[in-house]
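Residue-level structure breakdown
What follows is each chain in one-letter form.
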Amino acid sequence: MARSVTTQRKSLNTFIAWTIGLLIFFPILWTILTSFKTEAQAIADPPVWFFFDWTLENYRVVQERSNYNRFLWNSIIIAGGSTILGMIIAIPAAWSMAFVPSRRTKDILLWMLSTKMLPAVGVLYPIYLIFIQLGLLDTRIGLTIVLMLINLPIMVWMLYTYFKEIPGEILEAARMDGAGLKEEILYVLTPMAIPGIASTVLLNIILAWNEAFWTLNLTAARAAPLTAFIASYSSPEGLFYAKLSAASTMAIAPILILGWFSQKQLVRGLTFGAVK
Amino acid sequence: MSTKASRSAARLMLAPAVILLLAWMLVPLTMTLIFSFQRYLPMRGGFQGWVGFENYARFIGSSAFWPAIQTTIIIVGGVLLITVILGILLAILLDQPMWGQGMVRILVIAPFFVMPTVSGLVWKNMFMDPNNGLLSHLWRFFGADPVIWLSDASMLSIILIVSWQWLPFATLILLTAIQSLDSEQIEAAEMDGAPVLSRFWHIILPHLARAITIVILIQTIFLLAIFAEIFVTTQGSFGTRTLTYLIYQRVLESQNVGLGSAGGIYAVILANIFALLLMRIVGKNLDR
């Protein structure tokens, strides 16, 4: 059934696609390369490509100078924490809507989606004020809660679309065999739901890791994650390209790797199941 | 199928999510609404009385408002235009038979996973810097004077940076949509000798219409809210102050909460227009 094409045409496709792909990827590649250069090589004109004295000096300096590990740790706690917390709340919600739908299920789902559309800047001051009142400003727990809330609609939606695909007949068969609610959940549904849960976790770690409105506005020295750490390079430190590159590479590497595993889920998660 | 017991259990399972989201939406939004009717300057005397709709009028009447709207429209429109058109072309290209398809797709998608502060700063310093940026090297190589991107071509620069971030999203969604197109249909058209362009207009584009609409709506909602890319590059100067950035400056930088809150309500209304359109499409999808 595969469309038959000439080798010539396939070669041409390959050439064009790889050229464009590398062009789009180039800024990332260049950042990674630059992170291994000396500052002088980093701004050399004409630019040096691969043949320079590869050095890990920048990584060492960035880690020493800016206490990089604390920012990294904040990112991990905030992204991981908000995802775990969100899943604890989202799984039962999505579960109940998928398996025990009511007349209002659709309205509730759409309403949840509408909360995601709320522009953050519109509620910036109230949240800021609430954070000050509750002593949450510049704390990891405060940011964890906010990121959990902004991503909760996506989690519920994504899980809902996955759970919806679990055929109801399987449940009925299990019930006929005398399975109780506990067996039903433990032995029938959980194994079938795990791939969907895993994808949702993955996408949410990515979204939380890269979130850059609340993380910039609600943190200062203590709870700032990597997004804020990089923003501190705006000026004038950003002019040290090799250091900036090393810091950037460290900040994006974990998510680039996770992201590559989650391409398909990305579509489903970010279009709220409208494109699969 | 469901019993009464399972219904109430279901309601109990749903309750935490609904209550939390309800609180997250209502509490701050109500506060913004209340602030928007006050003269409220936290650093200069705090609450100074109720002013009715004065903040709303002043926000629109300020000399910064219309330029901000214009900037917002140009940035959102420019990014949409670039990402949708290039996204369609890239999706069609990536759907063709080739060697290393998976690898190319990974390369194309990668920018989406780069955090906004990184992409903003990498572009600003390593590419667009007029002295040492790679683009200025390129310009000099061809004997041209380097462009001072972020001040002389500030809008174009921001559009470029944001498009680079969002092109993967458009491409990925459109590619997913194209792959669901019946390949027999295309083959039939190919065999009938339909020229490439007419195949594109009459088969591929109509098939993509829904996915394109979704891309446009979702991106619009996210693009209206872009912040970090401007925060780390121009800080809203050189004509790049969007509505979001203007509100941010009113609220946190000049601490005029009443005025900023009125702006916030405008932003909420604007976002809701697009959100309603999107929800209609997504809602239809739920019925199927």
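Predicted model only: the values in this text are computed from it and were never measured. (Residues numbered from 1 in each chain as written. Chains lettered and ligands numbered in written order. Predicted model: local features only at pLDDT ≥ 70, side-chain atom pairs only at ≥ 80, totals over all residues.)

Time to look at the overall build of chain B. If you tally the helices and strands in chain B, you get 13 helices and two strands. A compact globule built from 288 residues should have a C-alpha radius of gyration of about 19 Å, whereas chain B, at 24 Å, is more than 25% larger. Dimensions of chain B, computed from C-alpha atoms along their principal axes, come out at roughly 75 × 75 × 30 Å. Taken across its 288 residues, chain B has 44% of its residues classed as buried. Of the contacts formed within chain B by residues at least 6 apart in sequence, a portion of 70% connects residues at least 24 apart. (Helix = DSSP H or I, 4+ residues; strand = E, 2+ residues; numbered from the N terminus. Rg over C-alpha atoms; globule rule 2.2 N^0.38 Å. Buried ≥ 20, exposed ≤ 12 C-beta atoms within 10 Å, placed from the backbone. Contact = placed C-beta atoms within 7 Å.)

Another aspect to go through is the overall build of chain A. For chain A, the count of helices and strands is 13 helices and zero strands. In sequence order, chain A lays out its α and β elements as α-α-α-α-α-α-α-α-α-α-α-α-α. Its C-alpha radius of gyration of 23 Å places chain A more than 25% over the 19 Å reference for a compact globule of 276 residues. Taking the principal axes of the C-alpha coordinates as reference, chain A spans close to 75 × 70 × 35 Å. Out of the 276 residues belonging to chain A, those deemed buried represent 47%. In chain A, 79% of the contacts between residues at least 6 apart in sequence involve partners at least 24 apart.

Another point: the interface of chain B and chain A. Opposite the 88 residues of chain B that make contact, chain A presents 86 residues. Taken together, the residues of the side of chain B that touches chain A sort by class into 67 nonpolar, 18 polar and three charged. (Nonpolar A, V, L, I, M, F, W, Y, C, P; charged D, E, K, R; others polar.)

Here we take up the confidence of the model for chain B. Residue and element names in this part refer to chain B. Averaged over all residues, the pLDDT of chain B is 88; the fraction at 70 or higher stands at 98%. The lowest-confidence element of chain B is helix α9 (residues 183-191), averaging 72 in pLDDT; the highest-confidence one is helix α3 (residues 65-95), averaging 94. Model confidence for the complex is summarised by a pTM of 0.88, with the ipTM given as 0.87. (pLDDT = per-residue confidence, 0-100.)

Burial along strand β1 (residues 38-41) of chain B is one-sided: Gln38 and Tyr40 of chain B are buried, and none of Arg39 and Leu41 of chain B, which face the opposite way, are. With antiparallel pairing between neighbouring strands as the criterion, β1 of chain B and strand β2 (residues 46-50) of chain B make up a hairpin whose turn holds four residues, including Gly45 of chain B at a positive phi of roughly 100 degrees. (Pairing = 2+ DSSP bridges.)

This part takes up the UniProt feature "transmembrane region" (unreviewed entry) in chain B. UniProt's entry tags residues 12-37, 73-94, 106-127, 147-175, 208-232 and 263-282 of chain B with the feature "transmembrane region" (unreviewed entry), counted in the numbering of this structure. Taken end to end, residues 263-282 of chain B comprises 100% helix and 0% strand; its first and last C-alpha atoms sit 28 Å apart. (UniProt positions renumbered as here; feature names shortened; annotations may be inferred.)

Another point: helix α12 (residues 241-261) of chain A. For an α-helix, 3.6 residues make a turn, and residues three or four places apart therefore share a direction. When the terminal C-alpha atoms of α12 of chain A are compared, their 30 Å separation across 21 residues agrees well with the 30 Å that a helix rising 1.5 Å per residue should span. For α12 of chain A, the principal kink sits at Ile252 of chain A and spans about 35 degrees; a proline, Pro254 of chain A, occurs within the next four residues. (Expected span 1.5 Å × (residues − 1). Bend = angle between axes of the 7 residues up to and from the residue.)

Before going further, it helps to spend a moment on the domain arrangement of chain A. Segmentation of chain A into domains returns domain 1 (7-59) and domain 2 (67-232). The centre of domain 1 of chain A, based on its C-alpha atoms, is set 36 Å off from the matching centre of domain 2 of chain A. (Domains from an automatic or database assignment.)

What follows deals with the UniProt feature "transmembrane region" (unreviewed entry) in chain A. Residues and elements named next belong to chain A. UniProt's entry tags residues 12-33, 71-96, 108-131, 143-163, 184-209 and 240-261 with the feature "transmembrane region" (unreviewed entry), counted in the numbering of this structure. Annotated as 100% helix and 0% strand, the span residues 143-163 places its first and last C-alpha atoms 29 Å apart. Regarding residues 240-261, the helix share stands at 95% and the strand share at 0%, and the terminal C-alpha atoms are separated by 32 Å.

Residue and element names in this part refer to chain B. Within β2, only zero of the five residues are buried, which leaves the element largely exposed. Here three bridges tie β1 to β2, and the two strands are oriented antiparallel to one another. Opposite Gln38, over in β2, you have Trp50 as the bridge partner.

Right, let's get into the environment of Pro92 of chain A. Within the fold, Pro92 of chain A resides in helix α4 (residues 68-99). The sequence separation of Pro92 of chain A and Leu159 of chain A amounts to 67 residues, and the corresponding C-alpha distance is 9.8 Å.

With that settled, the discussion passes to the nonpolar core. Membership of the largest hydrophobic core comes to 166 residues, with the highest contact counts inside it found for Ala90, Ala94, Val156, Leu159 and Ile230 of chain A together with Ile173 and Leu174 of chain B. Here this core gets 17 residues from one element, more than from any other, and that element is helix α7 (residues 140-164) of chain A. Viewed by domain, this core spans two of them, domain 1 (7-59) and domain 2 (67-232) of chain A, each represented by three or more residues. Not counting the four nearest positions on each side in its chain, Ala94 of chain A is found in contact with Val156, Leu159, Tyr160 and Phe163 of chain A. (Core = buried A, V, L, I, M, F, W, Y, C linked by C-beta atoms within 7 Å.)

Residues and elements named next belong to chain A. The end-to-end C-alpha separation of α7 is 34 Å, in line with the 36 Å expected for 25 residues at 1.5 Å each. Most pronounced at Asn151, the bend in α7 amounts to some 45 degrees, and the proline Pro153 follows within four residues. Among the 25 residues of α7, 23 are classified as buried, and the element is accordingly described as predominantly covered.

Here the focus is the environment of Ala64 of chain B. Residue and element names in this part refer to chain B. Within the secondary structure layout, Ala64 lies in the loop between α2 (54-61) and α3. A count of 15 C-beta atoms within 10 Å places Ala64 in the partly exposed class. Put simply, Ala64 and Thr213 are 149 residues apart on the chain and 31 Å apart in space, counted from C-alpha to C-alpha. If we ignore the near neighbours within four places in the chain, the residues touching Ala64 are Arg241 and Leu246.

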